[in-house]
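# Observations on chain architecture
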Amino acid sequence: MESGVKFLLVSSEGQETAGAPKSLTFFFFFFHCLPTKRAARTQGEKKKTAPRTNCKVTRRARREMSMNADLGKPRELTGLQQRRALYQPELPPCLEGKAIRVEFGDSTTTIDPTCANMVAQEFPNTFGQPLVHFLKPNKMDAQANDEHPPIRVGVVFSGRQSPGGHNVIWGIYDAMKTQNLQSVLLGFIGGTEGLFANQTLEITDDALSAYRNQGGFDFLGRTVDQIHTTEQVNAAMSTCCDLDLDGLVIIGGVTSNSDAAQLAETFANHNCKTKVVGVPVSLNGDLKNQFVETTVGFDTVCKVNSQLISNVCLDAISAGKYYHFVRVMGWKASHVALECALQSQPNMVILGEEVAFSKLTLKEIISKICDGVQARAAQEKYHGVLLISEGLIESIPEMFALIQEINILHSNKVPENNIPSQLSPWATALYNYLPPFIRRELLLHQDSDNSAQLSQIDTEQLLAHLVEAEMNKRMKEGKYVGRKFSSVCHFFGYQARGSLPSNFDCDYAYAMMSVKRHSRSPGAVPTGKPVIHPSPVDLQGKAYALLREKASSFLLDDFYRTPGGIQFDESGANVKPITLTVEDQDYLGDIELLQDYLEKVRNIVKPGCSREILKAAISSMSSVKDVLKVMSAPFYAELPLFNLN
């Protein structure tokens, strides 16, 4: 079999598992790094592998190991943790038992067709492989008892901690042992640094016992979130070869899965047998597409944050004199903010995608928020809750341009203290307009993916500061009559990372489904090296439409919703994310339905059919083409919180 990406699609085929919606499609990539035909080796020929390197990261990793000496060791669990550890996740029927049935489908491609050639050139060994559907086992399969050969697999936490990560390891372990008890699962201690330094822990039942259904990444730990440089890639490949690994599972978000894709291509190019598997574990919920509705950890994070937001809402209406500005995690995409808004129903919500699409300036955003404050004041309401996404500040055109200038100066090794003096004139004017605390935060060093440290930029405080100034200005000018504006700011960024995962995330993570995309997001211009881009909120989707529908009620009526804490048993334990339930998508099911219709048309319209049938088919297909063209055209969107009619 040729090397390349094995896109494995798992569908429960209408059978619902606990905590997972009926329509949820499980999807993951196996990056097979077997030799291609043109690179096949004879049995006795030596493999082409990268040289072992004693790099700085390896030496640093050894220092890290001494600080992480307790990782992977047994720990004492509280009563709640012990109760949670007893939960047994459910699997889709197609993944139960030893017998696994698959069906090959169409070749994979990029979401944006304009990117296909570039991605194919970048990934000649691992691009364009067929989709593989996992099917329900039949009776004959159920009776089969074939013994599979033992395998050796390594697993590493690469991304930031998110609920459900430990269950991914548990799911891998159980799946391997189900196939063959002699299989070995190795965990890399200390994240990617442990991978580079070949620091491993053999995972056993005893080692896993204290981490089943638990939050955090403290079983193995994590360090840097990247496998970027040639030195790092060579170190990772050397480790996999030294350990004779059949597979390497990388658990993380957008950046980690981009690295996994590049690593798989390198392994294939060097004839390394290790298969690379990327698992989308990210609280941001931004590793999604037509095949995957969400990521591991998203449900838990939204439930925890929604409880906190609802508590703030009740505090606001109780005191009646404060506006609470709440920022939630989300990096480049606003999926967490959207889901939390639908769960807790705050008065105002601003999503980064809306701002970017409408090209709203900072001044326009402030003006619209103030309009909302005045609309509430007209009803004698001087309190409220405003919810924003973490990535909002980068979605504002002029702020994005300023951040880009600062990032370029960082890349050119300009010291932080000298950056303000080297900004362009317009950027200098904007920089000086901003409050001092925002100036300091904008100058912070970049994250590992060379982007701004969005979690460290207090966007909620910036908005509160500017809204207060504008409301005071309106009051002096006589445009606003009411109480003085007062605000309280919150950032819910770390409160949910280590939470005990919900049933949904326990099940989803245990099934170990993952997704990876090589292409940029739809409509983006393919430039530079192909990477995975976060999937934004769909402004044409049903979930966003629901937010727009309820926006006026959210703004003027205090119908705050209290979802409460995560439930593990009985009522509410298996409640799914609202955005996922509303979308209720069965993408592959719909594709199959369309193909069925096309096949029926093809059987009717054959050479020899009447001219009337042929004309009717042509007319209908032409109409369908025109409708699809209109549907794919750009649309207009506005901030939902200002849809006051």
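In the nomenclature of an unreviewed UniProt entry, the chain corresponds to Phosphofructokinase domain-containing protein from the organism Oryza glumipatula.

### Quick word on the overall build of the chain
Check the secondary structure of the chain and you find 23 helices and 13 strands. Out of the 645 residues belonging to the chain, those deemed buried represent 53%. For the chain, restricting intrachain contacts to residue pairs at least 6 apart in sequence, the fraction spanning at least 24 positions comes to 82%. Entry remark: accessible area of the chain is about 28900 Å², with carbon and sulfur atoms responsible for 52%.

### Describing the packing of helix H13 (residues 362-377) against helix H18 (residues 459-476)
In the contact formed by H13 and H18, the axes pass within 9 Å of each other and the chain directions differ by 65°. When you trace H13 past H18, the crossing you get is right-handed. In this structure, H13 contributes Leu362, Ile366, Ser367, Ile369, Cys370, Asp371, Val373 and Gln374 to the contact, and H18 contributes Leu463, Leu466, Val467, Glu470, Met471 and Arg474. Split into classes, the residues belonging to the contact of H13 with H18 amount to nine nonpolar, two polar and three charged.

### A look at the environment of Glu193
In this fold, Glu193 is placed in helix H6 (residues 191-197). Relative accessible area serves as the criterion here: at 1%, Glu193 is assigned to the buried category. Along the chain, Glu193 and Gln232 lie 39 residues apart, while their C-alpha atoms are 8.9 Å from each other.

### Some details on helix H11 (residues 335-344)
In terms of burial, H11 is a largely internal element, 10 of the 10 residues being buried. Among the residues of H11, His335, Val336, Ala337, Leu338, Glu339, Cys340, Ala341, Leu342, Gln343 and Ser344 are the ones counted as buried. Buried positions along H11 lie against helix H10 (298-319), strand E10 (323-328), strand E11 (348-350), strand E12 (384-389), helix H20 (542-556) and helix H21 (578-583). The first or second residue beyond H11 is Gln345, which carries a positive phi of 60°.

### Re the pattern of salt bridges
Within this structure, the stated rule accounts for 17 salt bridges. The salt bridge involving Asp218 is made with Arg75; its shortest N-O contact spans 2.4 Å. With Asp218 in the loop between helix H7 (205-208) and helix H8 (230-242) and Arg75 in the loop between helix H1 (56-67) and helix H2 (79-85), the pair connects residues that are 143 residues apart, well separated along the chain. In this structure, Lys273 and Asp244 form a salt bridge, with 2.9 Å as the shortest nitrogen-oxygen distance. Residue Lys273 is located in the loop between helix H9 (254-269) and strand E9 (275-280), and its partner Asp244 is located in the loop between H8 and strand E8 (247-252); the two are separated by 29 residues in the primary sequence.

### As for the side chain of Asn257
With respect to the element layout, Asn257 can be found in helix H9. The class for Asn257 is buried, based on a relative accessible area of 1%. Looking at Asn257, its side chain comes within polar contact range of the main-chain oxygen of Gly253, at 2.8 Å.

### Thoughts on the packing of aromatic side chains
This model, assessed by the stated rule, comprises seven aromatic pairs. Taking 5.3 Å as the distance between ring centres and 25° as the angle between the ring planes, the aromatic pair formed by Tyr323 and Phe485 counts as stacked. Remark: Phe485 occurs in the loop between H18 and strand E13 (487-492) and Tyr323 occurs in strand E10; sequence separation between them is 162 residues. On the basis of relative accessibility, which here comes to 4%, the residue Phe485 falls in the buried class. Directly above the aromatic system of Tyr87 lies the positively charged group of Arg84, at a separation of 5.0 Å from the ring centroid. Over the ring of Phe491 we find Arg327; its NZ or CZ atom is 3.7 Å from the centre of that ring.

### Quick look at the pairing of strand E5 (residues 152-157)
Of all six residues that make up E5, five are buried, and the element is covered over most of its length. Handedness of the crossover is the feature at issue here: the chain leaves E5, passes through helix H5 (residues 165-179), returns alongside strand E6 (residues 184-188), and the resulting connection is right-handed. Where E5 and E8 come together, five bridges link them in parallel fashion. In the strand pairing of E8, Val153 is matched with Gly247.

### Topic: unusual backbone geometry
One non-glycine residue with positive phi stands out, namely Asn198, at about 60°. Tracing the backbone shows Asn198 in the loop between H6 and strand E7 (200-202). The phi angle at Asn213 is positive, at roughly 60°, despite the residue not being glycine. Take Asn213: it is sitting in the loop between H7 and H8.

### Some points on a nonpolar patch on the surface
On the surface, a cluster of nonpolar side chains totalling about 310 Å² of accessible area is made up of Leu594, Leu598, Val601 and Met621. A per-element tally of the nonpolar patch places helix H22 (residues 587-604) first, with three residues. With respect to the secondary-structure elements, Val601 resides in helix H22. Classification of Val601 by relative accessible area gives partly exposed; the value is 33%.

### Structural notes on a negative patch on the surface
On the surface, a cluster of negative charge is contributed by Glu103, Asp586, Asp590 and Glu592. For Glu103, the position within the fold is in strand E3 (residues 101-107).

Conventions used here
Residues numbered from 1 in each chain as written. Predicted model: local features only at pLDDT ≥ 70, side-chain atom pairs only at ≥ 80, totals over all residues. Heavy atoms only, no water. Helix = DSSP H or I, 4+ residues; strand = E, 2+ residues; numbered from the N terminus. Buried < 20%, exposed > 50% of the residue type's maximum accessible area, 1.4 Å probe, protein only. Contact = heavy atoms within 4.5 Å. Areas by Shrake-Rupley, 256 points an atom, 1.4 Å probe, with all protein chains shown as cover. Axes fitted to C-alpha atoms, helices over the stretch in contact; angles between N-to-C directions. Left-handed = near helix turned anticlockwise from the far one by under 90°. Nonpolar A, V, L, I, M, F, W, Y, C, P; charged D, E, K, R; others polar. Salt bridge = Lys/Arg side-chain N within 4 Å of Asp/Glu carboxyl O. Polar contact = N/O pair within 3.5 Å; in protein donor to acceptor, adjacent residues only side chain to side chain. Phe/Tyr/Trp six-rings, centres within 6.5 Å; stacked < 30°, edge-to-face > 60°. Lys NZ or Arg CZ within 6 Å of the ring centre and 35° of its normal. Right-handed = clockwise from strand over helix to strand, strands pointing away. Pairing = 2+ DSSP bridges. Patch = residues over 30% accessible without salt bridge, like charges linked within 9 Å, V, L, I, M, F, W, Y side chains within 5 Å. Lys, Arg positive; Asp, Glu negative; His and termini not counted. Charge placed at Lys NZ, Arg CZ, Asp CG, Glu CD.

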